[in-house]
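An overview of the molecular structure
Take a look at the letters that make up each chain.
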Amino acid sequence: MSPQPQAAVGAPLSRVDGRLKVTGKALYAAEHDVDGSVHAVIVDAAIGLGRIMSINSSAAEALPGVLKVIHHRNAPKLPYRDNSGSNNPPGRRLRVFQDDRVLFHGQPVAVVVATTLEAAQHGASLVKVGYDAEQPSTDLTEAEPDEPTNYARGDAEAALRSAAVRLDLTYRTARNHHNPMEPHATIARWNGDRLTVWDKTQWVVGTQTELAAVFGLETDAVRVISPFVGGGFGTALRCWPHVIVAALAARVTKRPVKLVLSRQQMYLGTGFRPSYEYRLRLGSDRRGRLTAAAHELDAETSSYEKFTESILAAGQMLYSMPNVTQRYRTVPLDLPTPLYMRGPGFQTASFVIESAMDELAHKLGVDPIELRRRNEPNEDESSGLPFSTRRLRECYTVGAREFGWHRRDPEPRSTREGDWLIGRGMAAGVYDTARMPAQARARLDADGTALVEAAATDMGPGTYTSQTQVAADALGLTVRTVTFRLGDSLYPPTPPHGGSMTMASVGSATLDACNRVRRQAIQLAVGDRESPLYGVPTADIVVRGGRLHVKNNPALGETYQRLLARNDRTHLEADGSFAPPSGPERHSFYGYNATFAEVAVDATLGLVRIRRVLGVYDAGRIISPKLADSQALGGMVGGIGTALLEHTLTDHRDGRIVNANLADYLVPVNADIPDLKAIYLDGEDREADPLGVKGLGELVMIGVAPAIANAVFNATGRRIRELPITAEALL
């Protein structure tokens, strides 16, 4: 068939759900009005490891309005079946209220259910728990690691011994917490043996599967609803214990139960980016051609689950080198389980690799961009596969020009404005182009409007809008005549809303469903003797503005409405799907960026201020430029937070997080981000998916922290090997 006219895709449209959000009509998890709801508040463990010896809930139960205090001594035993396909790992999951063990500080040990939130909060404060406390292990540097995951090609040790230039560097990164604006919240309601939950989640299908596994239900007996999510950054990618607690409380009390975590509780059991200790040894010849790299890294995980992330890939494929070894060890600690946080794995690896590349460039007297150009691979050397697209050289060229890189003085501490030392730095970034199977359903009604549904999520990047744009163009309709619905497990299943895979996966399924509906309409028209398009080859027909017509003869055609009315059709409907090709991959799929940063450092106080950040992205086809800019600027802000501010602090005596609030856990504010700019290379990646997209949300954060660290070195001459960058490190 002729390609459809593209009026919506690529246009800088405002969010289709924007009015709902600014008028308060967009309902988030805790805002749904579920008749008869009561309130639940969790009692958190006050020790970091040990056993519960006693629970006295009599004072709480005596309060007016308190319905029940539930804990391991009175909670029903739950089956916790194997949860293959859910968003939680099988095996040693945290089983809430099923035994007396305390595995980390803040673990739920009881829940108070009351008719008002105030009564539940007061009741929770009155529950007295006695413990047999043990000393928790919470220090990454002092605990025993698991068996490592290893990777090797060539002989890195021999190559390092013979390298003309060698670096041996150790980096440390802090634990970071996601801190979305909307706290985690769940409303649970039972109807017999059927469970409905309204939940803050980035994967309604995974939460549905996990709840079914925990309560021993068939999957279709659980419905998960999540139409709006107020930020996630990865924290809502799995079904956390509080969701189970809400459902359990609703079953015990036979009332719908609403449970909203406090900001402090968000630090106690909804994931975090783990801290790392990462040693990198790098070897090159005197012209800067890399010969070898040895990566040795230790990362936090919990004692009851093993969490890993994709931190090895960048070290295997970003630069050309014949000899690479990697040893990745998780270190079990008495902490809650970490979880993916924006740019998972690649963010941490980027800081280490790109900081080391800058240090090597300075040691060799080579421009940092030139060093990276000299080590550009011709293929993915970890797999031997060709890259689907790789335009990193172009990112460097465009970024250097737009940033004014030629004005950078490579000599540290050479540029000054009064008391401020000025520095400029850059870094490359890479993130894999993830795609997973997804489904969607499209319906074209007789009035010329369309409805598309998929069980996707929108935590802020604009899924409603971008999917509407794809659907509108595929159906040949205007955006205002298309409605996209998401966030309900009753809709066709989709993968997690994370890993920058939503546009490629769900978008391709939406495209397929809408293409099928449009083709149904065209087939109906060419077979209808009363249609102006009767007998016209289907390949010659396109649809625009809801009107089918011959591509080179717009006058010859008719509207969807006339066609369906004449044929007594109330609607046309089709299911669509997308799945990556089966079998071995034929290409290596990644998105790329070059990030440039300018900083000012107070020479006396060591304070770092961002002056400007520029990112240039090879991210395939950009569906919605306005949404892409929102993603890119947000990613830069996140990278600034990682570089300069964010650091979760633990009291190793008892495992308590001492800065579990937004007063002490610092994140960037408007004053920290004066000048941010994003540029997208024009192009597409049709090898990756039918839309030609690569994914953007993760990529835009990667490279920001090392670009800032490298700029700080250029300003001060101090190398940064630990995040966040503190004034103490620069004094």
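What this report covers is the structure whose coordinates are included nearby. Keep in mind the model is a prediction, meaning the values are calculated, not measured.

1. Quick notes on the sheet that holds strand S11 (residues 222–225)
Read from one edge to the other, the open sheet built from seven strands follows the order S3-S5-S1-S12-S9-S10-S11, with strand pairing classed as mixed. In the strand order of this sheet, the two ends are held by strand S3 (66–71) and S11, each with one partner. On average, adjacent strands in this sheet sit at an angle of 20 degrees to one another, irrespective of strand direction. Note: strand S9 (residues 185–191) against strand S10 (residues 194–199), six bridges, orientation antiparallel.

2. Quick word on the environment of Val430
Within the secondary structure, Val430 sits in strand S17 (residues 420–432). Counting along the chain gives 211 residues from Val430 to Thr219, while the straight-line C-alpha distance between them is 37 Å. Excluding its chain neighbours within four sequence positions, the residues that come into contact with Val430 are Ala314, Met317, Leu318, Phe346, Tyr590, Gly591, Tyr592, Leu699 and Ile702.

3. Side note on the pattern of salt bridges
What the rule picks out here adds up to 41 salt bridges. In this structure, Arg238 and Glu305 form a salt bridge, with 3.0 Å as the shortest nitrogen-oxygen distance. Placement of Arg238 in the loop between S11 and helix H6 (241–253) and of Glu305 in the loop between strand S14 (290–302) and helix H8 (313–317) is noted, with a sequence separation of 67 residues between them. In this pair, the class of Arg238 matches that of Glu305, namely buried. A salt bridge links Glu402 to Arg401; the nearest nitrogen and oxygen atoms lie 3.4 Å apart.

4. Some remarks on empty space enclosed by the protein
The gaps of empty space that remain are located by a probe, the size of a water molecule, rolled over the atoms. Within the structure shown, the criterion is met by 10 cavities of 30 Å³ or more. Empty space within the second largest cavity amounts to approximately 120 Å³. For the lining of the second largest cavity, the element with the most residues is helix H7 (residues 263–269), which contributes three residues. Among the residues forming the lining of the second largest cavity, the class breakdown is seven nonpolar, five polar and one charged.

5. Concerning the packing of helix H9 (residues 346–364) against helix H16 (residues 704–716)
Between H9 and H16, the shortest axis-to-axis distance is 8 Å and the interhelical angle comes to 30 degrees. The angle between H9 and H16 falls in the class roughly parallel. In this structure, H9 crosses over H16, and the sense of that crossing is right-handed. Across from Gln347, Ser350, Phe351, Glu354, Ser355, Asp358 and His362 in H9, the residues of H16 making contact are Ala705, Pro706, Ala709, Asn710 and Phe713. For the contact of H9 with H16, the per-class residue count stands at five nonpolar, five polar and two charged.

6. Comments concerning the packing of helix H15 (residues 625–644) against H16
Their axes nearest at 8 Å, the elements H15 and H16 cross at an angle of 55 degrees. Overall, the two elements H15 and H16 adopt an arrangement that is oblique. Here the hand of the crossing between H15 and H16 comes out right-handed. Mapping the contact onto sequence places Gly635, Met636, Gly639, Ile640, Thr642, Ala643 and Leu644 in H15 and Val704, Ala705 and Ile708 in H16.

Conventions used here
Residues numbered from 1 in each chain as written. Predicted model: local features only at pLDDT ≥ 70, side-chain atom pairs only at ≥ 80, totals over all residues. Heavy atoms only, no water. Pairing = 2+ DSSP bridges. Helix = DSSP H or I, 4+ residues; strand = E, 2+ residues; numbered from the N terminus. Axes fitted to C-alpha atoms, helices over the stretch in contact; angles between N-to-C directions. Contact = heavy atoms within 4.5 Å. Salt bridge = Lys/Arg side-chain N within 4 Å of Asp/Glu carboxyl O. Buried < 20%, exposed > 50% of the residue type's maximum accessible area, 1.4 Å probe, protein only. 1 Å grid on protein atoms, 1.4 Å probe; cavity = no way out; pocket = protein on both sides within 12 Å on 5 of 7 lines; lining within 4 Å. Points joined across faces, edges and corners; volume = space filled by probe spheres on them. Nonpolar A, V, L, I, M, F, W, Y, C, P; charged D, E, K, R; others polar. Parallel < 35°, antiparallel > 145°, perpendicular 65-115°, else oblique. Left-handed = near helix turned anticlockwise from the far one by under 90°.

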